[in-house]
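Structural features, examined
Take a look at the letters that make up each chain.
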Amino acid sequence: MDVKFVTLLVVLAVTVSQTSETLFPGAFDCCTKISDEIPKGILRRVERFEIQKSDDLCHLEAVILHIKGKKFCVNPRNRKVKKIMKKMKHKIHRIKFHVRKQRRIKITKQKEQKQ
């Protein structure tokens with residue numbers, strides 16, 4: 001083979017791999033395997049979660065649990081996973097409500113001080 005042709009193929013392959021990653025960033029973060037069983041210790045330390053749907057980019061439905069920078073892919077139909085997701089959603093809504101309430105109290109106090 002010609003050296004120029006081989007060089008061109010290598011440059012083309014590198015360009016395509018970089019372009020595809022920038023165009024489809026989610027495609028490389030898809031779960032390829034899911035776990036049906038998950039230890040309680042991991043569930044207690046979950047910081048946040050994402051729901052991966054089976055669409056064009058990802059071919060598997062999963063819940064991605066984030067724990068200290070690591071990702072664990074688990075079955076979304078698992079009873080324990082559903083329970084932790086419900087608990088975390090409730091916790092998020094409660095925190096947001098609390099912040100709004102504090103802000104409202106702070107604004108009313110400022111208005112009272114101006115008068």
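Below is a short write-up of the structure. (Residues numbered from 1 in each chain as written. Predicted model: local features only at pLDDT ≥ 70, side-chain atom pairs only at ≥ 80, totals over all residues. Heavy atoms only, no water.)

Counting secondary structure elements, the protein chain contains three helices and three strands. Counting from the amino terminus, the protein chain carries its helices and strands in the arrangement α-α-β-β-β-α. Evaluated residue by residue, the protein chain yields a buried proportion of 20% over its 115 residues. Sequence-distant contacts in the protein chain: of pairs separated by 6 or more residues, those separated by 24 or more amount to 44%. When the accessible area of the protein chain is evaluated, it comes to approximately 10000 Å², of which 58% is carbon and sulfur surface. (Helix = DSSP H or I, 4+ residues; strand = E, 2+ residues; numbered from the N terminus. Buried < 20%, exposed > 50% of the residue type's maximum accessible area, 1.4 Å probe, protein only. Contact = heavy atoms within 4.5 Å. Areas by Shrake-Rupley, 256 points an atom, 1.4 Å probe, with all protein chains shown as cover.)

With that settled, consider the sheet that holds strand E3 (residues 70–74). Taken in spatial order, the three strands line up as E1-E2-E3 in an open sheet, and their pairing is antiparallel. Edge positions in the sheet fall to strand E1 (48–52) and E3, since each of these pairs with one other strand and no more. Here the average twist between neighbouring strands, direction ignored, is 25°. (Pairing = 2+ DSSP bridges. Axes fitted to C-alpha atoms, helices over the stretch in contact; angles between N-to-C directions.)

This brings us to unusual backbone geometry. Across residues other than glycine, the phi torsion is negative in most instances, and most of the peptide bonds are trans. In this structure, Lys-68 takes a positive phi of about 45° despite not being glycine. In this structure, Lys-68 sits in the loop between strand E2 (62–67) and E3.

A cluster of basic residues, Lys-40, Arg-44, Arg-79, Lys-80, Lys-83 and Lys-87, forms a positive patch on the protein surface. Counting only elements with at least two residues in the positive patch, the list comes to helix H2 (40–44) and helix H3 (79–114). As for its position among the elements, Lys-87 is in helix H3. (Patch = residues over 30% accessible without salt bridge, like charges linked within 9 Å, V, L, I, M, F, W, Y side chains within 5 Å. Salt bridge = Lys/Arg side-chain N within 4 Å of Asp/Glu carboxyl O. Lys, Arg positive; Asp, Glu negative; His and termini not counted. Charge placed at Lys NZ, Arg CZ, Asp CG, Glu CD.)

This brings us to the nonpolar core. Ranked by size, the top nonpolar core spans 13 residues in total, and within it Ile-38, Phe-49, Val-63, Leu-65, Val-74 and Val-81 carry the most contacts. Counting residues per element, the ones that place at least two in this core are H2, E2 and H3. Here this core takes four residues from H3, the largest share from any one element. Discounting residues that sit within four places of it in the chain, Phe-49 has contacts with Val-63, Ile-64, Leu-65, His-66, Met-85, Met-88 and Lys-89. (Core = buried A, V, L, I, M, F, W, Y, C linked by side-chain atoms within 4.5 Å.)

Remember that the coordinates give geometry; whether it matters functionally is a separate question.
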